[in-house]
Every structure is written in structure tokens, then in C-alpha cells.
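Coordinate analysis (summary)
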Amino acid sequence: MMQIKKGIPFIDQHNKEYLYGGKFGGNFIPETLKKPIDDLTKLFSKLRKNKNFLKERDYYFKNYIGSPTPFIKLENLTKHVGGAQIYAKVVSEANGGAHKIYNATVHCLIAKKAGKKFIVGDTGAGYAGKMLSMAAKKFNLKCKIFMGAKDIKRQRPNVEAMKKNGAVIVPVKTGSQTLVDAVSECMRYWVSNCDTTHMCVGSTVGPNIFVKICAWSTSQISRELIVQLKEEFGKIPKKIKLINCVGGGSSAMGFWNEFIDTDAEFYGVEAGGPKKSKLHAAPLSNGSKIGILHGAAQYVVQDKEGQIGSTESISAGLDYPGISPLHCFLKDTKRAIYTSVNDEEALNAYRLVSKLENISPSLEPSHAFAEAIKFAPKLKRSDVIVVNSCGDSLKDKDIIKSRLGYYIR
Ligand SMILES: *Cc1c(COP(=O)(O)O)cnc(C)c1O
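Let me begin by describing the structure that accompanies this report.

Definitions and cut-offs
Residues numbered from 1 in each chain as written. Predicted model: local features only at pLDDT ≥ 70, side-chain atom pairs only at ≥ 80, totals over all residues. Heavy atoms only, no water. Helix = DSSP H or I, 4+ residues; strand = E, 2+ residues; numbered from the N terminus. Buried < 20%, exposed > 50% of the residue type's maximum accessible area, 1.4 Å probe, protein only. Contact = heavy atoms within 4.5 Å. Areas by Shrake-Rupley, 256 points an atom, 1.4 Å probe, with all protein chains shown as cover. Lys, Arg positive; Asp, Glu negative; His and termini not counted. Charge placed at Lys NZ, Arg CZ, Asp CG, Glu CD. Near = heavy atom within 4 Å. Polar contact = N/O pair within 3.5 Å; in protein donor to acceptor, adjacent residues only side chain to side chain. Nonpolar A, V, L, I, M, F, W, Y, C, P; charged D, E, K, R; others polar. Phe/Tyr/Trp six-rings, centres within 6.5 Å; stacked < 30°, edge-to-face > 60°. Lys NZ or Arg CZ within 6 Å of the ring centre and 35° of its normal. Disulfide = S-S within 2.5 Å. 1 Å grid on protein atoms, 1.4 Å probe; cavity = no way out; pocket = protein on both sides within 12 Å on 5 of 7 lines; lining within 4 Å. Points joined across faces, edges and corners; volume = space filled by probe spheres on them.

If you tally the helices and strands in the protein chain, you get 15 helices and 14 strands. Taken over the C-alpha atoms alone, the protein chain extends approximately 55 × 45 × 45 Å along its principal axes. With 409 residues in all, the protein chain has 63% of them scored as buried. A sequence separation of at least 24 residues applies to 72% of the contacts in the protein chain between residues at least 6 apart. Only carbon and sulfur atoms are counted for the fraction: they give 50% of the accessible area of the protein chain, which is about 16,400 Å². Here the protein chain holds 61 positive side-chain charges and 38 negative ones, and the gap between their average locations is 2 Å.

This brings us to the site of the ligand. Around the ligand, a shell composed of 17 residues is seen, among which Lys100, Ser203, Gly249, Ser250 and Ser251 lie nearest. Within the contact set of the ligand, an oxygen atom lies 2.7 Å away from a side-chain nitrogen or oxygen of lysine 100. At a separation of 2.8 Å, an oxygen atom of the ligand approaches a polar backbone atom of glycine 247. Look at the ligand: alone it shows 380 Å² of surface, and the protein chains cover 97% of it. A per-class count over the shell around the ligand returns five nonpolar, ten polar and two charged.

Turning next to the packing of aromatic side chains. Per the counting criterion, the structure on display carries 14 aromatic pairs. Through successive ring pairs, a cluster of aromatic residues spans Tyr59, Tyr60, Tyr64 and Phe139. Geometry around phenylalanine 266 places arginine 335 over its ring, the cationic atom sitting 4.0 Å from the centre.

Turning next to the environment of lysine 117. The topology assignment puts lysine 117 in the loop between α4 (100-113) and β5 (118-123). Classification of lysine 117 as exposed rests on a relative accessible area of 59%. Distance in space between the C-alpha atoms of lysine 117 and aspartate 343 is 40 Å, their sequence separation being 226 residues. Not counting residues within four places of it along the chain, the set of residues in contact with lysine 117 comprises Leu141, Lys142 and Thr196.

Glancing now at the state of the cysteines. By the definition in use, this model includes zero disulfides. Unpaired in terms of disulfides, cysteine 143 finds its nearest cysteine sulfur in cysteine 108, a separation of 7.3 Å. For the unlinked cysteine cysteine 328, the closest cysteine sulfur is that of cysteine 214, found at 15 Å. Look at cysteine 328 and you get buried, because its relative accessible area is 0%.

Looking now at empty space enclosed by the protein. As enumerated under the stated definition, the model contains one cavity of 30 Å³ or more in all. His99, Lys100, Ser203, Gly248 and Gly317 are, among the 30 residues lining the largest cavity, the residues nearest its centre. Of all the elements in the fold, those that place two or more residues in the lining of the largest cavity are β5, α5 (127-138), α8 (179-193), α11 (250-256) and α14 (363-375).

Structure (C-alpha cells):
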């Protein structure tokens, strides 16, 4: 069991609230956001214990999102790679094609309870935005999505989906024109519209309450996985290795949450960027320093003056200079191990997995598969690896086609 000190609110586990140490996270926010953040914090602390709200959440997880998502053995990949048995939790089968739907659905349910008619959110790969637009349509909320102009160009299918769902897309042309700027712009908008509008942060980042709501929502993934492991193995396999890509860290947090007090091993895979470039989006595995980004203290890619540094990755979903305070904590306590994989390795992993198996991971989880492919041969056949295949490759079809010459789904 990890040492959990008094400090910033941690996430729920087995419906208990844990706390963790004071170095990361926080609420570095403008004065005008203090009240809306306090209100949201109070509302959520009530809702997360409210039986009717939990019933409603579980109902929509099952009847709208389609939980539980499949858990499958990748027999061909296991045979090809050798060593440990490789499994996948196919979260990309969730409605919409990625784990972001859990957080988006919970935020819409909260917005309803708060009596808000408008919802705003940020998006990088476009999945957070697509899912928020879907959930907003489902729950009759008016939706606005902030998205970097560079990401709008490279994630076209998700942009189309958002428009079809009736969301207004606000192109963000400041800074690197990617996720980091979209989050900043979205928070700026919320400052002046918080009376009528609820804000959804698309990952386990931002002021504490957003970290918490997001991890609480995605932890459904590990709840399901525990049941599925017991069905397959009769128990949770010893020292099971749970491999997940990390951008902001919401899929990894969801994949690991319920395993925190077991002997499961956590491996987080960051985006190493292009092979021949110094740029990356891997603050934890590249020794980045602590800084403040989007209202919270965390390890963050930065320059010598402490300005937010440039990042680069083939995967828009991982292209973010910061990382969830929860992962900073898991790194410092050595509860999780963080590595990085470069663009080429991720593409190769996509190629191998989609050739051998009937799943087609997007470029984000392809980073996790690349790590699994490197790791498995060093292990025994009795070892079990599970990769969270948290997104579907459809949104990446243009990039994959141009880099590999073909696309399989
Ligand atoms: C957004 C996204 C990510 C990265 O975000 P996390 O919060 O780290 O999960 C990874 N994979 C997919 C498919 C995504 O859409």
C-alpha cells in the first residue's frame, strides 16, 4: 500500500476517499474562479456519495457507454513476441471510441445537477471534444469546444464528429496551437462565463476538482478489469503488469486506480516524439522540473526560464507538456514506472498489432503496445501483461496512411 499523506484530495478507491501529499496539484487559479471551483467541489463531494447519483452514473455507463468493454487475449501477438502473455482491455469499444466518454458523461450529469445549460471543454486529439459533444447532445446541453488550430488539421475525423453533434468549435491560434493552448483558452472563457456554464477538463489535469472528477470517472475501467481478471484467471495474476500510455494521465489513472493496494505493477508510457528530434512530450521520463500549469503543480516540460516548453508527438492525444499531479505522485513514490516510446516505435507497434489481431489501436495506445512488445520477451510465460487499448485508430487514419502507406481497421 502506498504511503498516503494528508494533503490534496486523491481519488476514490472502493468508494473511500484517499488523500495524498502536498507537493503536486493545487488550485492556482484567478480569484474569480474561486467561487465556481468551490461550488463544484462541494457539489461533487455530495454527489459522489449520493446513491441515486451513483445509480444514474452506473446506468449511463452501462446503457449509454456500453460498459463493460471487452478484455481479450492477444494470442497471435503473444506468440509472435514471445515471453509474457499479452492481453488487451479494449476500451476503444466504448461508445465514441475512447475512454474520454466516461469523464464527459459524468461532467454532463454534474452540469445537469448544477442547473447549467452550457458546457465547455478542451480537446487535443479531438476525442475529449467529440465525447463531450456526444454527451452534451445526449443530455441536452449546449456545447463549445476549444481546440488548437494544428490539432484541427491533424484530427479531422473527430472535428467532423463534433460538428455533427452540434458543438461549436473554437479554433485556438495562440502558442503552439495544440492542447496546451486549448486548455488555457477554455479556462479563460470559463472565467467570464461560469455563472451559466459548466467546464469539463478533458483529462486528470487542471485544478484539483477536475483531476478528481476525471479519475473518479475513468476508474470504471479498473473496476471492470478486476472482475474480468477473476473470470479469466480465478484471481488477479501475481505482479500483473498494467501498461498504459500517458498524456494527461486519465486513461492510466482509470486503468490503475482499483489496483493501487494490490501488487500490480504500473507502467506509464509517455510520448518520446520524433526519433531524430530533441522535442518530446514526456515530462516524467525526461527529468522535467516542477512547475505550474493549468492551475496545478506538476512536472512540466519547460525552458531555462521556466516558460512552458515546446512538445512534439505523432500522437495529438499525448502532445501535452504537463502531466497529472496524480502521476507525479506515483512517480515520486515509485508506485509506477514511466518510460517513453518514440513516434517510429509507436507506428511499428500499430503495424504489428493491427496486422496480427482484430484490434486497431490509435497512436496513443500504440505507444503502450510498443512498450509491451519490448517488455514481454524479457518475462516468463506465466507473467501477464495487460495493455489498455484506450482509443480507436480511425481518427489517425490520415497520419497512418501517410506514414505507413496503408491503414487497417
Ligand atoms: C486523450 C487521449 C489520450 C491521452 O490522455 P490521457 O488523459 O493520458 O488518457 C490517450 N489516448 C487516447 C485515445 C486519447 O483520446
